[in-house]
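Geometric and topological summary
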Amino acid sequence: MTNTDWPLWEVFVRSRRGLSHTHAGSLHAPDAELALRNARDLYTRRGEGVSIWVVPATAITASSPDEKDPFFEPAADKPYRHPTFYEIPEGVKHL
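Per an unreviewed UniProt entry, the recorded name for the protein is Phenylacetate-CoA oxygenase, and the organism is Streptomyces cellostaticus.

1. Some details on the side chain of Glu10
Following the sequence through the fold, Glu10 ends up in strand E1 (residues 8-15). Buried within the structure, Glu10 lacks any salt-bridge partner; Arg45 is the closest side chain of opposite charge, at an N-O distance of 16 Å. In this structure the side chain of Glu10 is engaged in a polar contact, spanning 2.6 Å, whose partner is the side chain of Ser26. Beyond its immediate stretch of four places on either side in the chain, Glu10 contacts His23, Gly25, Ser26, Trp53, Val54, Val55, Ala57 and Ile60.

2. Some remarks on helix H1 (residues 32-43)
If you check H1, its first and last C-alpha atoms are 16 Å apart, about what 12 residues at 1.5 Å a residue would give, namely 16 Å. Capping the start of H1, Asp31 holds a side-chain oxygen 3.4 Å from the backbone nitrogen of Glu33, two or three residues further along.

3. Some remarks on the environment of Ala32
Residue position: Ala32 is located in helix H1. Along the backbone, Ala32 and Val54 are 22 residues apart, and their C-alpha atoms lie at a distance of 7.0 Å. Discounting residues that sit within four places of it in the chain, Ala32 has contacts with Trp9 and Val54.

4. Some remarks on the nonpolar core
Soluble globular proteins: nonpolar side chains tend toward being buried together. Judged by nonpolar contacts, Trp9, Val11, Val13, Leu27, Ala29, Ala35, Ala39 and Val54 together constitute the single largest core of 8 residues. Those elements that place two or more of their residues in this core are E1 and H1. No other element matches the 3 residues that E1 contributes to this core.

5. Quick notes on the pattern of salt bridges
Scanning all chains against the criterion turns up 2 salt bridges. The salt bridge partner of Arg37 is Glu33, with a shortest N-O separation of 3.1 Å. Taken together, the positions of Arg37 and Glu33, both in helix H1 and 4 residues apart, correspond to about one turn of that helix. Here Asp41 and Arg40 are joined by a salt bridge, their closest N and O atoms 3.2 Å apart. According to the relative accessible area criterion, Asp41 is partly exposed, its value standing at 42%.

6. Overview of the sheet that holds strand E2 (residues 22-28)
With respect to topology, 3 strands assemble into an open sheet ordered E2-E1-E3, the strand pairing being antiparallel. Strands at the two margins of the open sheet, each flanked by one partner only, are E2 and strand E3 (49-56). Across this sheet, the average inter-strand angle for adjacent strands is 25 degrees, counted without regard to direction. In terms of strand pairing, E1 meets E2 through 6 bridges, oriented antiparallel. Residue pairing across strands places Val11 opposite Gly25, the latter belonging to E2.

The rules behind the values
Numbers given for residues are sequential positions, taken from 1 along each chain in its written order. A pLDDT threshold of at least 70 governs which residues receive local features in this predicted model, and a stricter bar of 80 or more applies before side-chain atom pairs are shown or counted, although totals over entire chains, interfaces and linings include all residues. With hydrogens and water set aside, each side-chain value is computed from the structure's full complement of heavy atoms. Put simply, DSSP H or I for four residues or longer makes a helix, DSSP E for two residues or longer makes a strand, and each gets a number counted from the N terminus. Exposure is judged per residue with a 1.4 Å probe applied to protein chains only, and the accessible area is read against the type maximum: over 50% gives exposed, under 20% gives buried, and values in between give partly exposed. Positive: Lys, Arg. Negative: Asp, Glu. His and the chain ends are not part of the count. In the sections that follow, a salt bridge refers to a side-chain nitrogen of Lys or Arg positioned within 4 Å of a carboxyl oxygen of Asp or Glu. By the criterion applied in these results, polar contacts are pairs of N or O atoms within 3.5 Å in which, for protein atoms, one can donate a hydrogen and the other can accept it, and in which residues neighboring in sequence qualify only through two side-chain atoms. Residue contacts follow a heavy-atom distance rule, with two residues in contact if any of their heavy atoms lie within 4.5 Å. Between the first and last residue of a helix there are one fewer steps than residues, each counted as 1.5 Å, and that sum is the expected span. The set of buried Ala, Val, Leu, Ile, Met, Phe, Trp, Tyr and Cys residues whose side-chain atoms join them within 4.5 Å is what this entry labels a nonpolar core. Pairing between two strands is assigned when DSSP locates at least 2 bridges connecting them. Lines fitted to C-alpha atoms define the axes here, with helix axes fitted over just the stretch in contact, and angles between the N-to-C directions of these axes take values from 0 to 180 degrees.

And the structure:
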């Protein structure tokens, strides 16, 4: 297998101050272990990361921006997702 045949991996890094992983970029590697090592060398050279995820690009399924209206439309018919009509008791400080 040559490096042109290596699968594409998506890299997500959690920074020292971050609470979630963010997409850092992509790289080619023959397997997950080497993808993780290469991601460490490419995207956390200054020690800014505390965790790295590598995911095969073929394992990611995404919605299409062109179909956003019909895809997200079912959420609009569920008013309980936006509880604007509930009364909050006075004793509740944080919700």
